[in-house]
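# Coordinate inspection notes
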Amino acid sequence: MLTNFFLLLYSCKDFLESTTNDYISQRISIEKFPITHWFKQNKRVLAFLSQCFNKGNPESLFRKGMIDYFTLVNVESGLMYLKRAVAKGHLEARMYMA
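Residues numbered from 1 in each chain as written. Predicted model: local features only at pLDDT ≥ 70, side-chain atom pairs only at ≥ 80, totals over all residues. Heavy atoms only, no water.

Before going further, it helps to spend a moment on helix α5 (residues 58-71). In this model α5 runs 19 Å from its N-terminal to its C-terminal C-alpha over 14 residues, within 8% of the 20 Å that 1.5 Å per residue would give. Within α5, burial applies to Pro58, Glu59, Ser60, Leu61, Phe62, Arg63, Gly65, Met66 and Asp68. Buried residues along α5 sit in contact with α3 (22-27), α4 (43-54), α6 (75-87) and α7 (91-97). A side-chain oxygen of the first residue of α5 lies 3.0 Å from the backbone nitrogen of Glu59; this N-cap is Asn57. Where α5 ends, the next residue or the one after it, Val73, has phi of about 50°, a positive value. (Helix = DSSP H or I, 4+ residues; strand = E, 2+ residues; numbered from the N terminus. Expected span 1.5 Å × (residues − 1). Buried < 20%, exposed > 50% of the residue type's maximum accessible area, 1.4 Å probe, protein only. Contact = heavy atoms within 4.5 Å. Polar contact = N/O pair within 3.5 Å; in protein donor to acceptor, adjacent residues only side chain to side chain.)

Right, let's talk about the environment of Ile24 for a bit. Note that Ile24 resides in helix α3. Between the C-alpha atoms of Ile24 and Asn57, which are 33 residues apart in sequence, the distance is 9.0 Å.

All chains considered together, the criterion is met by 3 salt bridges. The partner of Asp22 in a salt bridge is Lys55, with the nearest N and O atoms 2.9 Å apart. Placement of Asp22 in helix α3 and of Lys55 in the loop between α4 and α5 is noted, with a sequence separation of 33 residues between them. Judged by relative accessible area, Lys55 falls into the partly exposed class, the value being 31%. (Salt bridge = Lys/Arg side-chain N within 4 Å of Asp/Glu carboxyl O.)

Using the criterion set out here, one finds 4 aromatic pairs in the structure. Seen in terms of ring centroids, Phe62 and Tyr96 are 6.0 Å apart; in terms of plane orientation they differ by 45°. Their pairing is tilted. Of this pair, Phe62 sits in helix α5 while Tyr96 sits in helix α7, and the two are 34 residues apart along the sequence. Residue Phe62 is classed as buried on the basis of its relative accessible area of 6%. Given the relative accessible area of 40%, Tyr96 is considered partly exposed. Between Tyr69 and Phe70, the ring centres sit 4.7 Å apart and the planes meet at 65°, which makes this aromatic pair edge-to-face. Taking the relative accessible area as the measure of exposure, Phe70 reaches 49% and is therefore partly exposed. Within the aromatic cluster, the residues linked to one another by ring pairs are Phe62, Tyr69, Phe70 and Tyr96. (Phe/Tyr/Trp six-rings, centres within 6.5 Å; stacked < 30°, edge-to-face > 60°.)

Residue pairs spaced three or four apart in an α-helix point in one direction, given the helix's 3.6 residues per turn. Taking 1.5 Å of rise per residue, 12 residues should cover 16 Å, and α4 covers 16 Å from first to last C-alpha, within 8% of that figure. Turning to α4, its buried residues are Val45, Phe48, Leu49 and Cys52. Seen along its axis, α4 keeps its buried residues to an arc of 90°; they face one direction. Among the exposed residues of α4, those oriented more than 90 degrees off its buried face are Lys43 and Asn54. Once α4 ends, the next one or two residues include Gly56, with phi positive near 90°. (Arc of directions from axis to C-beta.)

Structural data, given as structure tokens:
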């Protein structure tokens with residue numbers, strides 16, 4: 001379904017413009033996108049994922065926190081993003097922060 005949504009995003013100008021709305025970027029599920037290697041995605045996918053992150057999408061904050069904490073070993077940054085994800089209601093982040 002997310003793939004279909006993403007294709008619709010870039011095939012219809014009016015729909016694309018509506019997705020710049022913070023509400024959509026903050027709440028859309030990005031679970032179908034790989035967690036790592038965003039830099040290998042095409043530019044549109046990267047722009048979409050970056051927009052979600054910049055608007056405070058809980059899943060993107062969680063992913064950033066996990067990558068920073070466990071992969072980059074940047075504990076302070078990782079905890080900050082995990083706390084932000086918890087504040088936005090991300091259940092898995094809440095589990096890690098318990």
